[in-house]
Amino acid sequence: MRFIKSAMVFAMLLCLVFSGQAAVVSEAAGEEAEGYISGVVREVNPSLGYITLYRWDGSGMSPEAQDNLTRFRTYSFAYSIPVTRDGHQAALEDVQPGDYAFIQLDEEGYVALLSTRSYYKPIYGTIYRVNLAILVLKQDDGIYWNIPVAVDVPIYQDDQPIARTQLQEGDRVRILAQIDGTSIHIAGIDLLKDPKPVSAIYRGNVEYYDEMNNALVLSGVQEFVNGRWEQAPFIGIKTFPYSRDYNDRPSKRISGMAYIAVQQDINGEDSIVMAAFRAKPQYEMVFTDNVLALSNTLNRLELQNTSQVIGFDAGTIAVKNGRLVDMGALDTMDNVQLSADKAIGSNILMSQVVVSNTSKGKGSLTIYRGRIKTVDPLKSFTVESFAELSGTSWLFNNTPKTFSIDLTATRLLDGAGTGNMLNFDENFVNQSVYIVEDTGRTLLISTAPYADVYEKGRVMSLSESGFRLREAMMYNSSKRVWTSAPNRDVNVPANAIIIKDGKTADLSAIRPGDTVRIVSNLANQDGIIIIVES
């Protein structure tokens, strides 16, 4: 008898939910009627036995409510529960993200009955452009959507709410959208896999396409580093496998010059995520400049400090902040490094590669130096006073400063290399150290010696213990000018601080052609702080 009454209540509520008053009733059902839940399906996992819902209007998913949402908006079920979709008997695998769901819970809080209808449509694609009110999405079929996104639309990554500002051009997303004519309502946005950065851009003479191994074989390979083509670290013929996420493949008789963007796979090997093939150019030019104007209609790009009008096409490799993007993702006054060529018989410069890194230098990282006063092992340490690196000087502050220790993030570098934070105790009191901090989070503690000689230049070649610097310049602090300096070998000790792309790194991250800023030790000219500029 109790089951019959429950079924009758479920049927009545179901009829109301699927009527024109669905929105009102679903709110009441989801929040007031004990044992009955409604909302928009965010995820359903038959194998693990759970379903997660947005509220009916996509609201209530704020970060402040995260704990309650985790407890109350995800529900477990047995695999054999009754399921209907659009009024027909269905399997759990038929339920789709974006469906409108109505759930009856049993006495223990598990899903007893699940009924859904097609409601929101999941749209997959790559963000082409994002601003405060509009998100432009490029779908996998090449169609572009201008999607209005209200400020309260929930955005998730790895099941955690994130800020709207974290969406960037090149991100792959799933949008749950209800489309009624020209009206679009967004229930939620999921940032899918955070795309791996482009690890390098190469070019080389095409030898052949190895169809059996799904790889491109090139000779005479060069790498595009900071606006110049540099000799790649490998000599002779090099094989580049294609990424499984990239579908375009060349014909068997391909020839000429190949331009490829690569990402590192889980094994640390470079795999092709974009490739373009061009005839060998009549001549080429490289530019480092700012974007003055860009037309997607004319496929033309104008730079601020040159009268050259440069074309682009579907084969132009465009990278912004490390991510592959469409050329339209570039903004006016973005700084770009660009390589373009002019084919035989053509009067137009055509861009092969355009790289824009709007995040430069040390990013949000701050570098301090101070003498340790006290250590609270595994928790924090305090320096007597501190100096902060600012350009070509240390800004001294005669007050103590306390730094927290996060065992998941904080590393210790000593003369032998990476040390053990478990050994960072009172024995370090009176030790002078460098500290690298990211918005209050201590990333690095280094015991490297004092450094106050400022240099900059371009990396010519690498060695086991450092690199050779060319186009070198040294800062004259008394005259406050940069002066030319001879090329030299820079030794990089094990406890040196290296920063690249706004993150701490090691010597292996430095490549020939990189432009670097160095703070050296006066006594032996070792590179103590090295910042790789994008």
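Just above sits the structure.
The model shown is predicted, which means the values in this text are computed figures rather than measured ones.

1. What to know about the overall build of the chain
When you go through the chain residue by residue, the secondary structure sums to three helices and 43 strands. With 534 residues in all, the chain has 47% of them scored as buried. Counting only contacts in the chain whose residues sit at least 6 apart along the sequence, the fraction spanning at least 24 positions is 57%. Of the roughly 26800 Å² of accessible surface on the chain, 50% is carried by carbon and sulfur atoms.

2. Examining the pairing of strand S24 (residues 317-320)
Burial along S24 is two-sided: the residues Ile317 and Val319 and Ala318 and Lys320 are all buried. Of the strand pairs in this sheet, S24 and strand S27 (residues 349-356) are connected by four bridges, and their pairing is parallel. What sits directly across from Ile317, in S27, is Val353. The pairing of S24 with strand S25 (residues 323-325) spans three bridges and is classified as antiparallel. In the sheet register, Val319 faces S25, and the bridge partner there is Leu324. Counted between consecutive antiparallel strands, the loop separating S24 from S25 contains two residues, among which Asn321 sits at a positive phi close to 50 degrees.

3. Here we look at the pattern of salt bridges
Counted under the stated rule, the structure contains 20 salt bridges. Glu223 is the partner of Arg511 in a salt bridge, and the nearest nitrogen-oxygen pair spans 3.0 Å. Of the two residues, Arg511 sits in the loop between strand S41 (503-505) and strand S42 (515-520) while Glu223 sits in strand S16 (residues 215-225), which places them 288 residues apart along the sequence. According to the relative accessible area criterion, Glu223 is buried, its value standing at 5%. Glu471 is the partner of Arg228 in a salt bridge, and the nearest nitrogen-oxygen pair spans 2.7 Å.

4. Here we look at the side chain of Asp99
Here Asp99 lies in the loop between strand S5 (88-89) and strand S6 (100-105). A residue is classified by how much of its surface remains accessible, and Asp99, at 2% relative accessible area, is buried. A distance of 3.0 Å separates a polar atom in the side chain of Asp99 from the backbone nitrogen of Gln96. Every residue in contact with Asp99, bar those within four places of it in the chain, is listed here: Gly39, Val40, Val41, Arg85, Asp94, Thr116, Arg117, Ser118, Tyr119 and Tyr120.

Quick notes on the rules
Residues numbered from 1 in each chain as written. Predicted model: local features only at pLDDT ≥ 70, side-chain atom pairs only at ≥ 80, totals over all residues. Heavy atoms only, no water. Helix = DSSP H or I, 4+ residues; strand = E, 2+ residues; numbered from the N terminus. Buried < 20%, exposed > 50% of the residue type's maximum accessible area, 1.4 Å probe, protein only. Contact = heavy atoms within 4.5 Å. Areas by Shrake-Rupley, 256 points an atom, 1.4 Å probe, with all protein chains shown as cover. Pairing = 2+ DSSP bridges. Salt bridge = Lys/Arg side-chain N within 4 Å of Asp/Glu carboxyl O. Polar contact = N/O pair within 3.5 Å; in protein donor to acceptor, adjacent residues only side chain to side chain.

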